[in-house]
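Summary of the model geometry
Residue-level listing of the chains:
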Amino acid sequence: MANPGPAAPARTNRLGLTVVDYRGGKSTLCAGCGHNAISERILEAMFDLGVPPERVAKLSGIGCSSKSPAYFMNRSHSFNAVHGRMPSVATGAALANRTLLPLGVSGDGDTASIGVGQFVHLMRRNLRMIYVIENNGVYGLTKGQFSATADVGSKLKTGVVNELPPIDTCALAIQLGATLVARSFSGDKKQLSAVLKAAIAHGGTSMLDVISPCVTFNDHEGSTKSYAYMKDHDAPLQEISFIPAFEDITVEYDPGTTTDVTLHDGSHLRLRKLEEGYDPSDRARAVARLMESAKGGEVLTGVLFLDTKAPSFVEALSVTDAPLATLPPERTRPPRAVLEEIVAGLR
Ligand SMILES: Cc1ncc(C[n+]2csc(CCOP(=O)(O)OP(=O)(O)O)c2C)c(N)n1
Ligand code: SF4
Ligand SMILES: [Mg+2]
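Calculation notes
Residues numbered from 1 in each chain as written. Chains lettered and ligands numbered in written order. Predicted model: local features only at pLDDT ≥ 70, side-chain atom pairs only at ≥ 80, totals over all residues. Heavy atoms only, no water. Donors = N, O, S within 2.8 Å, 3.2 Å for Na, K, Ca; no water. Buried < 20%, exposed > 50% of the residue type's maximum accessible area, 1.4 Å probe, protein only. Pairing = 2+ DSSP bridges. Helix = DSSP H or I, 4+ residues; strand = E, 2+ residues; numbered from the N terminus. Axes fitted to C-alpha atoms, helices over the stretch in contact; angles between N-to-C directions. Contact = heavy atoms within 4.5 Å. Near = heavy atom within 4 Å. Polar contact = N/O pair within 3.5 Å; in protein donor to acceptor, adjacent residues only side chain to side chain. Nonpolar A, V, L, I, M, F, W, Y, C, P; charged D, E, K, R; others polar. Core = buried A, V, L, I, M, F, W, Y, C linked by side-chain atoms within 4.5 Å. Expected span 1.5 Å × (residues − 1). 1 Å grid on protein atoms, 1.4 Å probe; cavity = no way out; pocket = protein on both sides within 12 Å on 5 of 7 lines; lining within 4 Å. Points joined across faces, edges and corners; volume = space filled by probe spheres on them.

Donor atoms from the polypeptide that bind the magnesium ion (ligand 3) are Asp108 (OD), Asn136 (OD1) and Val138 (O), placed at 2.1 to 2.2 Å. All donor residues of the magnesium ion (ligand 3) come from one chain, and their arrangement in sequence is D-x27-N-x1-V. Considered together, Asn136 and Val138 belong to a single accessibility category, that of buried residues.

Sheet architecture is open: 8 strands sit in the order 2-1-3-4-8-7-13-9, paired in mixed fashion. Edge positions in the sheet fall to strand 2 (77-80) and strand 9 (234-236), since each has one partner strand and no second. In this sheet, adjacent strand axes meet at a mean angle of 20° when their direction is disregarded. Relative to strand 13 (residues 299-306), strand 9 is paired through 3 bridges, and the arrangement is parallel. Paired with Pro236 across the two strands is Thr301, which belongs to strand 13. Contacts between helix 5 (residues 116-125) and the sheet are confined to strand 4 (129-135) and strand 8 (205-211), with strand 4 contributing the most and set at about 140° to the helix.

Within the open sheet, the 3 strands sit side by side as 10-12-11. Their pairing is antiparallel. Whereas interior strands pair on both sides, the edge strands pair on one side only; in this sheet they are strand 10 (238-243) and strand 11 (258-262). Taking each pair of neighbouring strands and ignoring which way they run, the sheet shows an average axis angle of 15°. Bridge analysis of strand 11 against strand 12 (residues 268-273) gives 5 bridges, and the strand direction is antiparallel. Paired with Thr262 across the strands is His268, a residue of strand 12.

Turning our eyes to something else, we now look at the site of ligand 1. Close contacts around ligand 1 come from 17 residues, with Cys64, Ser65, Gly109, Asp110 and Gly140 the closest. Gly109 places a polar main-chain atom, nitrogen or oxygen, 2.8 Å from an oxygen atom of ligand 1. If you list the elements that add at least two residues to the shell around ligand 1, you get helix 2 (64-67), helix 4 (108-113) and strand 5 (138-139). The biggest single contributor to the shell around ligand 1 is helix 4, with 3 residues. Of the residues belonging to the shell around ligand 1, the class tally is 6 nonpolar, 9 polar and 2 charged.

Residues Met46, Leu103, Leu208 and Leu269 are the most contacted members of the largest nonpolar core, which totals 38 residues. Of the residues forming this core, the biggest block, 8 residues, is contributed by helix 7 (residues 189-201). Membership of the second largest hydrophobic core comes to 30 residues, among which are Ala94, Ala178, Leu290 and Leu304.

Under the 1.5 Å per step criterion, the end-to-end length of helix 7 is 18 Å for 13 residues, consistent within 8% with the ideal 18 Å. Listed as buried for helix 7 are Gln191, Leu192, Ser193, Ala194, Val195, Leu196, Lys197, Ala198, Ala199, Ile200 and Ala201.

Where empty space is left can be seen by rolling a probe of water-molecule size over the atoms. The final tally for this structure, using the stated rule, is 2 cavities of 30 Å³ or more. By volume, the largest cavity is sized at about 40 Å³. Tallied by class, the residues present in the lining of the largest cavity amount to 4 nonpolar, 2 polar and 1 charged. In this structure, the second largest cavity encloses a volume near 40 Å³. In terms of lining, the second largest cavity is formed by Ile42, Ala45, Met46, Leu103, Ile130, Leu196 and Ile200. Listing elements by their share of the lining of the second largest cavity, those giving two or more residues are helix 1 (34-49) and helix 7. In terms of residue count, the dominant contributor to the lining of the second largest cavity is helix 1 (3 residues). Its residues placed into classes, the lining of the second largest cavity shows 7 nonpolar, no polar and no charged.

The next point concerns the environment of Arg270. Of note, Arg270 is situated in strand 12. Its relative accessible area of 10% is what places Arg270 among the buried residues. Separated by 17 residues in sequence, Arg270 and Tyr253 have C-alpha atoms that sit 8.8 Å apart. If we skip the residues at most four places from it in the chain, Arg270 touches Glu239, Ile240, Ser241, Ile243, Ile249, Val251, Glu252, Tyr253, Thr258, Thr259 and Asp260. Polar side-chain contacts of Arg270 include one of 2.5 Å to the side chain of Asp260.

The next thing to look at is the site of ligand 2. Lining the immediate surroundings of ligand 2 are Leu29, Cys30, Cys33, His35, Cys64, Asn136, Gly140, Cys214, Val215, Thr216 and Phe217. Per-class residue counts for the shell around ligand 2 are 7 nonpolar, 4 polar and no charged.

This is the structure:
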């Protein structure tokens, strides 16, 4: 057998790190679970953009999806919150240290069932955060009961039919104020990578609802969150390309068919329309279009809504640039004279 010679050196990113530096523990999820593919896309996007792993705070709730941050980016901070309560922990972390990039990973149950109260308030704030819902329409971890994103008429393996209307987390997020809202599919490598990179570059709340089939409990005929259903019903709005701030834009585009958006860090998002007239800056139209597509039985994917101008929560609150934990007591405690003045005013 011919000598294969020395192995090619591993590719490094602009920080000099290899993809291994972005890996996590070995996944304990089922083979073929959509959540595993999403973990791969997240770590690749972070690697490609050269995000320092130590600057990322991974946050999750409870569920198979919420376990997945353990399977990528071991060098990042990580906090596994109570079921449905990740948004308040993420908000606290983001306010205490605005140099961190919070990355929330949740499930459809964790977000739209038990956690919907926390989710809606997070979406109103435009906190700089990436919020990924790994949406399989069921509670995978507790053996496949319907979640609140299950479509009317979808069927469990046992034959039980869901009679309740679903919560569309994208429509909800758009209506409430999230500034980058996208839907994608764990099996669409190109689209999912592009929206994840756009979310990393965006300075407000990015809410990504990713259809992520549960191969064990919700991948059969009658499910609307299966690989086969997505293959037949995926209706992409755009072809998406992402150009990072550190790369030159050399390719011209036709403004009639393509929208070029400059994101907060100077990166560019290019959206080549596949649907005539769709404008991702029109909030009301985006919600209406989602309703129409649901009625027609299609799953609209792509960048549904984008606003790069709205102030983020930390800007609105004038949060200090320095992480709170690094501030000396003189900057965190009011001086005695000020306290005495306040007390005197109460007498
Ligand atoms: C307070 C509380 N209620 C209920 C549960 C049980 N429980 C664990 S995971 C889960 C649902 C997870 O579903 P989802 O977020 O969709 O994640 P998946 O497993 O499908 O990825 C439930 C109800 C719990 N752990 N804590
Ligand atoms: S039970 Fe479903 S959601 Fe959980 S790991 Fe297995 S395939 Fe994924
Ligand atoms: Mg689920």
